[in-house]
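If you want the building blocks of each chain, they are given just below.
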Amino acid sequence: MRDCIAVELARARARTTLLTEVVDDADLTRQHSPLMSPLVWDLAHVGNQEELWLVRDVGGREPVRCDIDELYDAFKQPRRDRPALPLLPPAEARAYLATVRDKVHDLLDAVAFTERPLVADGFAFGMIVQHEQQHDETMLATHQLRSGPAVLHAPAPPEPSVRVGAEVLVPAGEFTMGTDTDPWALDNERPAHRVDLPAYVIDAAPVTNGQYAAFIADGGYTERRWWSPAGWEHRVREQLSAPMHWRSDGDDWSYRRFGQWARVRADEPVVHVCWYEAQAYAAWAGKRLPTEAEWEKAARWDPTTGRSRRYPWGDDDPTEAHANLGQRHLRPAPVGAYPAGVSPLGVHQLIGDVWEWTSTAFDGHPGFAAFPYREYSEVFFGDDYRVLRGGSFGTDRSACRGTFRNWDYPIRRQIFSGFRCARDVRPDESYR
Ligand SMILES: [Fe+2]
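Labelled according to an unreviewed UniProt entry, the chain appears under the name Hercynine oxygenase, originating from Micromonospora ureilytica. On record in UniProt, under Function (unreviewed entry), the comment for the chain is "Catalyzes the oxidative sulfurization of hercynine (N-alpha,N-alpha,N-alpha-trimethyl-L-histidine) into hercynyl-gamma-L-glutamyl-L-cysteine sulfoxide, a step in the biosynthesis pathway of ergothioneine."

Right under this line is the structure:
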């Protein structure tokens, strides 16, 4: 376990380093969008959380620097105010991260993985690995908002190798949602519990650019009937007329990703849409967004054994063949590119590519208990946030499971968010 933790810590740090070394100090300290922190804030915040949880709490060691705790407390400092704070300059932030990491390696050699919940199965280390990787995805989203020439480069994702059908019918019945056993699963993924669902139909793949462009061409953004009242109000106020980063070129669309314009590709999942846009598209298509439970059953339920898998393809950790994760490619992969990642029911690309909006407001599973602190997820429970599932091309495999839950405001689209649709079963459809 020590070796595994050391590898995961190093992988996260290599990614953080890449994301913060490809730009100069001015770019690191600038705020690229009021929605995002300056990159240098994320950088030192990653080190500060690692110090708080591992060096001080697990290790019981002397603080490295307690004078900066307040500056890097995400709850005390709203994102829009962060550029005005007396933040550590880039060189100092890097030195701080290195000092903290040295101490963590020290304590990793010595720590006893006792029954204490914070250290059992290396949980606190896993939490810190996931935290850094989550901030890396946030920093990747900041890169997408940054203007100026491209600094990030990656090969294109694989081409489609199978034809994917339109929809899959999921039979009625109970399945196990959430987990008790995944050692690094976070509090909001627990506990495992049985959920009974009526039969439903879910899209076999995320909604593509081509499908979304048809919605736009059919007046999707100008016809109020497809939108919820709150969604319409938001659309009008923000003058939304296409996904974020899209530009109309006559009959075609282009899409600016990480500083480069590219033609929108019809068979790629649409990304950078908010929950309201997803909901309007679904209404136009005669469908709806899946509930979170419907998403998870489609992703995990194995009809042969009746049990829920860790991932659509089984219990093994993701490989490059299963899913488009970890910033290996800087965009979603076309539909049909990951046949090895298909779920037992035949649903594709649930993991990776784009975070998928669900209709469900963020709340605790029945029997939820906050761990190790309320601020991880409990303070966000309620009607303000909608759940997203499955991870994106910018999500690391350590922070992505069949049970992993993300949440955001229904107006947000700077994240790598897309969706798929679902619908009720029609009376004329048979159950097989
Ligand atoms: Fe954080």
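Caption draft 1: How the structure looks around the overall build of the chain. Each helix and strand in the chain was counted, giving nine helices and 12 strands. Taking 432 residues into account, the globule formula puts the C-alpha radius of gyration at 22 Å, and the chain, at 22 Å, falls close to it. Along the first, second and third principal axes, the C-alpha atoms of the chain reach 65 × 50 × 40 Å. When the 432 residues of the chain are sorted by exposure, 56% land in the buried category. Within the structure as shown, the chain displays about 17500 Å² of accessible surface, and the carbon and sulfur contribution to it stands at 50%. Taken as two groups, the 50 positive and 64 negative side-chain charges of the chain have centres that lie 3 Å from each other.

Caption draft 2: Structural context of helix α1 (residues 2-21). Counted at 1.5 Å a residue, the expected span for α1 with its 20 residues is 28 Å, and the 28 Å between its end C-alpha atoms agrees. Buried residues of α1: I5, E8, L9, A12, R13, R15, T16, L19 and T20, and no others. Buried residues of α1, seen end-on, are gathered within an arc of 160° and therefore sit on one face of the element. With respect to the buried face of α1, the exposed residues turned more than 90 degrees away are D3 and E21. Each element contacted by the buried residues of α1 is listed here: α2 (25-29), α3 (39-58), α4 (90-110) and α5 (123-145).

Caption draft 3: Layout of the sheet that holds strand β5 (residues 246-249). With antiparallel pairing, the three strands of this open sheet are ordered in space as β5-β6-β7. Each having just a single partner strand, β5 and β7 (260-263) make up the two edges of the open sheet. Averaged over all neighbouring strand pairs, the angle between strand axes comes to 30°, with direction disregarded. Here strand β6 (residues 252-257) pairs with β7 via four bridges, running antiparallel. Bridge pairing links S254 to R263 in β7.

Caption draft 4: Main features of the pattern of salt bridges. Applying the stated rule across the entire model yields 47 salt bridges. One salt bridge connects E51 with R56, and the closest N-O pair in it is separated by 3.0 Å. There is no split in this pair, since E51 and R56 are both buried. Note that D67 is salt-bridged to R65, the shortest N-O span being 2.8 Å. For R65, a relative accessible area of 24% gives the class partly exposed.

Caption draft 5: Broad picture of the pairing of strand β9 (residues 386-389). Side chains of β9 alternate between two faces, with R386 and L388 and V387 and R389 buried alike. Where strand β8 (residues 355-361) meets β9, three bridges bridge the pair, whose relative direction is antiparallel. By the bridge assignment, E356 is partnered in β9 with R389. Pairing geometry for β9 and strand β10 (residues 405-408), over four bridges, is antiparallel. The residue bridging V387 from the neighbouring strand is W407, located in β10.

Caption draft 6: Quick peek at the sheet that holds β8. Strand order in the open sheet formed by four strands is β10-β9-β8-β11, with mixed pairing between adjacent strands. Each edge of the sheet is formed by a strand with only one pairing partner; in this case those strands are β10 and β11 (417-418).

Caption draft 7: Local environment of the nonpolar core. Core analysis: the largest hydrophobic core is formed by 90 residues, its most contacted members being V58, F125, Y212 and F419. With residues near it in sequence (within four places) discarded, V58 still touches W53, L107, V111, R116, L118, V119, A124 and F125.

Caption draft 8: Representation of α3 within the structure. Taking 1.5 Å per residue as the helical rise, α3 with its 20 residues ought to reach 28 Å, and the 27 Å between its terminal C-alpha atoms agrees with that figure. Its axis deflected by about 35° at E51, α3 carries its strongest bend there. When you tally the buried positions in α3, you get 18 out of 20 residues, the bulk of the element.

Caption draft 9: Structural detail: the UniProt feature "domain: DinB-like" (unreviewed entry) in the chain. Taking the numbering used here, the UniProt-annotated feature "domain: DinB-like" (unreviewed entry) corresponds to residues 9-139. This span, residues 9-139, is 58% helix and 0% strand, and a straight line between its end C-alpha atoms measures 17 Å.

Caption draft 10: Quick peek at unusual backbone geometry. The step from R190 to P191 runs through a cis peptide bond, and the omega angle for that step is -10°. Structurally, P191 can be placed in the loop between β2 (173-177) and β3 (193-197). A positive phi angle, close to 70°, is found at H272, a residue other than glycine. With respect to the helices and strands, the residue H272 is situated in the loop between β7 and α8 (275-284). Judged by relative accessible area, which is 0%, H272 ranks as buried. With a phi angle near 70°, D353 is a residue other than glycine that sits in the positive phi range.

Caption draft 11: Examining the packing of aromatic side chains more closely. In the structure shown here, the tally under the stated rule is 31 aromatic pairs. Consider the rings of F215 and Y221, whose centres lie 5.7 Å apart with planes at 50°: the pair is tilted. For F215, a relative accessible area of 0% puts it in the buried group. Of the residues examined, Y221 reaches a relative accessible area of 4% and is grouped as buried. Stacked on the ring of W41, the Lys or Arg R82 has its end atom at 3.7 Å from the ring centre. For the cation-ring pair, R247 lies above W261, with the distance from its terminal atom to the ring centre recorded as 4.0 Å.

Conventions and cut-offs
- Residues numbered from 1 in each chain as written.
- Predicted model: local features only at pLDDT ≥ 70, side-chain atom pairs only at ≥ 80, totals over all residues.
- Heavy atoms only, no water.
- UniProt positions renumbered as here; feature names shortened; annotations may be inferred.
- Helix = DSSP H or I, 4+ residues; strand = E, 2+ residues; numbered from the N terminus.
- Rg over C-alpha atoms; globule rule 2.2 N^0.38 Å.
- Buried < 20%, exposed > 50% of the residue type's maximum accessible area, 1.4 Å probe, protein only.
- Areas by Shrake-Rupley, 256 points an atom, 1.4 Å probe, with all protein chains shown as cover.
- Lys, Arg positive; Asp, Glu negative; His and termini not counted.
- Charge placed at Lys NZ, Arg CZ, Asp CG, Glu CD.
- Expected span 1.5 Å × (residues − 1).
- Arc of directions from axis to C-beta.
- Contact = heavy atoms within 4.5 Å.
- Pairing = 2+ DSSP bridges.
- Axes fitted to C-alpha atoms, helices over the stretch in contact; angles between N-to-C directions.
- Salt bridge = Lys/Arg side-chain N within 4 Å of Asp/Glu carboxyl O.
- Core = buried A, V, L, I, M, F, W, Y, C linked by side-chain atoms within 4.5 Å.
- Bend = angle between axes of the 7 residues up to and from the residue.
- Phe/Tyr/Trp six-rings, centres within 6.5 Å; stacked < 30°, edge-to-face > 60°.
- Lys NZ or Arg CZ within 6 Å of the ring centre and 35° of its normal.

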